Amino acid sequence: MALVWSSALHLSPSTPPQTLTGDKLLLPQTALESLLSAAATAASQAAANQQTPAYDPASWDAPPRRNDSHQQQQQLPHPLTFRVTSLVTGRAAYAGIREFSADEGQVVLSNFLRESLALPIGTSTSSSNGSSPKPQEGDQDEDDVVEGPNGTRLKVEAVAIPKGTFARLRPLDAGYEEDWKPILENHLQKNFTTLAVNNILAIPRLSHQPGKDFKFLIDQVKPEGAEAICIVDTDLEVDIEPLNEEQAKESLRQRELRRHAESSSGGQINLDGPKEGTISDGNIVRFNLRSWDRSKPISISVPEEPVDILVSTDTMQGYPKLEEWTWARFDGSNPIVIPPDDLSIKTAKEVRISLQVYEQTLIDSNSKKPMPHPTKFLLSITQKTDQDSDEDEEMADAAATADSETCSNCKRSIPKRSMMLHQNFCFRNNILCRHGCGQVFKRGTELDHWHCTECKAFGLNTPEHDTYNKHMDIAHTARRCASCDYSAGSLSELAAHKTTTCAHKLILCRFCHLVVPQEEDTNFTAAITGLSPHETSCGGRTTNCHICERIVQLKNMEVHLKNHDLQRKSQLLPKICRNVNCTRTRTNDNQQIGLCSVCFGPLYSSQYDPTNQALARRAELRYLTQLLKGCGKPWCLNEMCKTGRVNRKPSLPVIPSKEATVLVKSLVTKEGLLGGYTSHPLHFCVDETISKRKHLAEMLSLTEDSRGSGGWAIEWCTKAVESVALEATDELDTVNKAREWLEKFGVKRDE
Ligand SMILES: [Zn+2]
Ligand SMILES: [Zn+2]
Ligand SMILES: [Zn+2]
Ligand SMILES: [Zn+2]
Ligand SMILES: [Zn+2]
Ligand SMILES: [Zn+2]
Ligand SMILES: [Zn+2]
Ligand SMILES: [Zn+2]
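No experiment lies behind these values; they were computed from the predicted model shown.

Draft legend 1. The arrangement of the sheet that holds strand β11 (residues 214-222) in detail. Pairing within the open sheet is mixed, and its 4 strands lie in the order β10-β11-β8-β13. Two strands close off the open sheet at either side, each with one partner strand: β10 (200-203) and β13 (237-240). Strand after strand, the sheet turns through a mean of 35 degrees between neighbouring axes, direction not considered. Here strand β8 (residues 166-171) pairs with β13 via 4 bridges, running parallel. Bridging across to β13, Phe166 finds its partner in Glu237.

Written out as structure tokens, the structure is:
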């Protein structure tokens, strides 16, 4: 039964608050009250039209009581969606609700909604008129009905909007790129409840570049024919299609500009040997390492000086970039060594490596140097324990000392026999650095060698690479985070910020499974809960538990399901009627005999029978009738029934009356009968339905569960068949549904 609610409200004269984004509106508190009562009316009408489902109230898996009046009143449709119509122009827009906090009689609309309704943006209706004075109170304007002193009158009505399955968006700006999709999806999810055809979405870029909002036209939605779709709790497929060929070309051209042709493609790398490649300035070559010995350090080296190494793991989204990395090397010296106990590497499944050549234009944007040739590199990843490397060094030392000496000028190891010759040359041409770095360089090039005044770094400038300025730029230049304005003293500080606390760091949300910014940790809960701020709010969304149908917050679902599992496993075997041919679960424990009420029926008598004499006699009579006359039912397979014995395959011989009398006597002793469930079984004929269920339950108990283990005891299978039999269409359907039921509620033999 659909919710029927509408209200005529004035557009609030105040500017919409910043938080009112997307297609959201604010309604007054009284709207909530009238919506709730409208929902209660709708629900009670629905309840009246619907019969209470038949279920076993004693059974633990009874469905939640939906006709609880309190719950009913609180149940507003989720999400609530509205159509807002301007009573002036007749234009309409679709909206979702942010909260019920508007002033009485007023509605606050987001700028997006104002634009859709052709209302002035971001300012009050009265002040936007500029020169015209504010209408006085009591001033009887002709248009008072629609354009009163309180602003435009709008009709707001609750409407059910179909859940969207598909939306086609067309970018209205050039330069659209594929990696836009997650940002777009995230923006829609956060800010919109509905999407209406022919509206224009303006999505801000993550980096907050002003005036650079990306505009998309909502070109088509599905289900087809819908004017608007609801995009909350749906699996919306978003398709982004360039507007026309011209624009597609422009997009492509822009992308191509950023991609230099002469770079290696990177890819997967192993520990088995180094990889060769080339890389051009301002470009990045990416590698990933998937398997390594987790007890040893990983050493990543590229001997080529101009090549920077940036390393991160799959705990971060994407590959490392200039400002986002966990380990990096910019000075072309030592390899990066990641110890095995580093927290970041312990949980990682993949090590990601980006190689880049620092773009000289980043340092001096006016430099008009021609693009240098692509740089060759040799990337090698090795794993050596400390001992290994010690041994190597010792061996190298040993080899060196055997027949060579160290030059006192350049400190290089020189063969003894040529030392004189070398030093002759060395003292004339080579200079050892005066700052004590141990470097030797040609006389005349000493000005290219530099020592940083702020740290211990030193280096050598070459015609291609201004290493001093690169060092200053990387190590001693303050930078701002483009996403959140955080200011960092150096690149490594910025990288640490961007990979840890930055609100715009992308994460893969475990609840909505989208790549989204983690958001700001305002309450400092991330460290305690292990959830990013986005996940904390995203996990606050609710869904219906597939077992009990109760509404559960996503973040509590794991615990909730664990509870179900504990509850499930702690169940006792269901009790089945003591009649071996019967499959009814006993709901009547009053009578000691252990039969279901149907099987017990014929044995019941209202006579006073304190010694159960009469009960035993009736049981005996029933047994004898079965054995001597038979029940005559074509489906009967009861081994204690003449008909059943004939029907069985292979059939059993008829029991002569004398033997039958003896046999039955032992089955109907008072003790045996009253021994109940734990005593010997009883054998009474049953109707066709029960007979079929028995067969299905036996089949189920013989098969294993879907994971090939244990399977379920006959008692559980019997209960499963009984639980699903009424809603199943045929035998195959019964088996399938019973199996589903068992997976949800049953306890396996090996659990
Ligand atoms: Zn020397
Ligand atoms: Zn030096
Ligand atoms: Zn320095
Ligand atoms: Zn930031
Ligand atoms: Zn999420
Ligand atoms: Zn549940
Ligand atoms: Zn029974
Ligand atoms: Zn029978």
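Now that the structure has been shown, the text picks up again.
Draft legend 2. Just the coordination of the zinc ion (ligand 2), in detail. Surrounding the zinc ion (ligand 2) are the protein donor atoms Cys433 (SG), Cys437 (SG), His449 (NE2) and His451 (NE2), which sit 1.9 to 2.3 Å from the metal. Here the zinc ion (ligand 2) is ringed by 4 donor atoms whose angles at the metal span 102 to 115 degrees, and the overall shape comes out tetrahedral. Each donor residue of the zinc ion (ligand 2) lies on the same chain, and together they follow the pattern C-x3-C-x11-H-x1-H. Of the two residues, Cys437 sits in the loop between β25 (430-432) and β26 (440-442) while His451 sits in strand β27 (residues 449-451), which places them 14 residues apart along the sequence. The class of Cys437 is buried, set by a relative accessible area of 19%.

Draft legend 3. Seen up close, helix α12 (residues 491-499). Looking only at α12, the buried set comprises Leu491, Leu494, Ala495, His497, Lys498 and Thr499. The inward-facing, buried residues of α12 contact α11 (467-475), β29 (479-480) and β30 (487-488).

Draft legend 4. Seen up close, the nonpolar core. Among the nonpolar cores identified, the biggest contains 44 residues, and Trp5, Leu25, Leu27, Phe82, Leu109, Leu195 and Leu201 are the most heavily contacted of them. Here this core spans two domains, and each of domain 1 (6-49 + 68-123 + 145-158) and domain 2 (166-258) adds at least three residues to it. Residues in contact with Leu25, not counting those within four places in the same chain, are Leu20, Phe82, Val84, Ala95, Gly96, Ile97, Arg98, Glu99, Val107, Val108, Leu109 and Leu113. Leu627, Ile655, Ala660 and Ile690 belong to the second-largest nonpolar core, a separate cluster that totals 25 residues.

Draft legend 5. Local environment of empty space enclosed by the protein. Tallied over the full model, the rule gives 1 cavity of 30 Å³ or more. One number sums up the size of the largest cavity: a volume of about 30 Å³. Sorting elements by how many residues they give to the lining of the largest cavity places strand β9 (residues 194-196) first, with 3 residues. Grouping the constituent residues of the lining of the largest cavity by class yields 7 nonpolar, 2 polar and 1 charged. Composition of the lining of the largest cavity by domain shows at least three residues from each of domain 1 (6-49 + 68-123 + 145-158) and domain 2 (166-258).

Draft legend 6. Layout of the side chain of Asp733. For Asp733, the location among the structural elements is in helix α23 (residues 731-745). We classify Asp733 as buried; its relative accessible area is 17%. Aside from chain neighbours lying at most four places away, what touches Asp733 is Glu727 and Ala728.

Draft legend 7. Representation of the pairing of strand β18 (residues 307-313). Taking burial as the measure, the 7 residues of β18 include 7 buried ones, the bulk of the element. Because side chains alternate across β18, one face comprises the buried residues Val307, Ile309, Val311 and Thr313, and the other comprises Asp308, Leu310 and Ser312, equally buried. Sheet topology note: the β18/strand β21 (residues 351-357) ladder contains 7 bridges and is antiparallel. In the strand pairing of β21, Asp308 is matched with Gln356.

Draft legend 8. Structural detail: α23. Here α23 contains 15 residues, and its C-alpha end-to-end distance of 20 Å stays within 8% of the 21 Å for a straight helix at 1.5 Å per residue. Those residues of α23 that fall on the buried side of the exposure criterion are Asp733, Thr734, Val735, Ala738, Trp741, Leu742 and Phe745. Residues of α23 that are buried in the fold lie against α15 (554-569), α21 (688-702) and α22 (714-724). Its side-chain oxygen at 3.2 Å from the backbone nitrogen of Leu732, Asp730 defines the N-terminal cap of α23.

Draft legend 9. Local environment of the packing of α21 against α22. The geometry of α21 relative to α22 is characterised by a closest axis approach of 8 Å and an angle of 130 degrees between their N-to-C directions. On the basis of their axis angle, the class for α21 and α22 is oblique. Along this stretch, α21 crosses α22, giving a crossing that reads as right-handed. Between α21 and α22, the residues in contact are Arg693, Leu696, Ala697, Glu698, Leu700 and Ser701 and Ile714, Cys717, Thr718, Val721 and Glu722, respectively. Taken together, the residues of the contact of α21 with α22 break down into 6 nonpolar, 2 polar and 3 charged.

What counts, and where the lines are drawn
- Along each chain, residue indices are assigned from 1 in the same order as the chain's sequence is written.
- Chains carry letters from A onward and ligands carry numbers from 1 onward, assigned in written order.
- Where local features are concerned, this predicted model is filtered to residues with pLDDT of at least 70; where side-chain atom pairs are given and counted, the filter is 80 or more; whole-chain, interface and lining totals use all residues.
- Water and hydrogen atoms were dropped before computing side-chain values, which therefore reflect all heavy atoms in the structure.
- In this description, strands pair whenever DSSP reports at least two bridges between them.
- By definition, any uninterrupted DSSP run of H or I lasting at least four residues is a helix, any uninterrupted run of E lasting at least two residues is a strand, and each is numbered from the N terminus.
- Helix axes are fitted only over the stretch in contact, all axes being lines through C-alpha atoms; the angle between N-to-C directions runs from 0 to 180 degrees.
- Here a donor is any nitrogen, oxygen or sulfur atom (N, O, S) within 2.8 Å of the metal, with 3.2 Å used for Na, K and Ca; water is not among the atoms considered, so some sites may look incomplete.
- Any site counts as irregular unless it has four donors with all angles between 85 and 135 degrees, making it tetrahedral, or four or six donors with opposite ones more than 155 degrees apart and the rest between 65 and 115, making it square planar or octahedral.
- The cut-offs for exposure are 20% and 50% of the maximum accessible area for each residue type, with area from a 1.4 Å probe on protein chains only; residues under the lower value are buried, those over the upper are exposed, and the others partly exposed.
- Here, residues are in contact when the closest pair of their heavy atoms is within 4.5 Å.
- In these notes, a set of buried Ala, Val, Leu, Ile, Met, Phe, Trp, Tyr and Cys residues joined through side-chain atoms within 4.5 Å is what counts as a nonpolar core.
- Each domain's extent is set by a domain assignment, obtained either automatically or from a database.
- We place a 1 Å grid over just the protein atoms. Points where a 1.4 Å probe fits but has no way out form a cavity, open points with protein on both sides within 12 Å along at least 5 of 7 lines form a pocket, and any residue with an atom within 4 Å of a point lines it.
- Grid points are joined across faces, edges and corners, and a volume is the space filled by probe spheres set on the points.
- Each residue is assigned to one of three groups, with Ala, Val, Leu, Ile, Met, Phe, Trp, Tyr, Cys and Pro labelled nonpolar, Asp, Glu, Lys and Arg labelled charged, and all others, Gly among them, labelled polar.
- Helices are assigned an expected span. That span is 1.5 Å times one less than the residue count.
- Between N or O atoms, a polar contact is any pair within 3.5 Å; within protein, one atom must be a potential hydrogen donor and the other a potential acceptor, and residues adjacent in sequence are included only when both atoms are from side chains.
- The cut-offs work like this: below 35 degrees is roughly parallel, past 145 is roughly antiparallel, 65 to 115 is roughly perpendicular, and the gaps in between are oblique.
- Handedness of each helix crossing follows the sense of rotation of the near helix against the far helix: counterclockwise by less than a right angle gives left-handed, clockwise gives right-handed.

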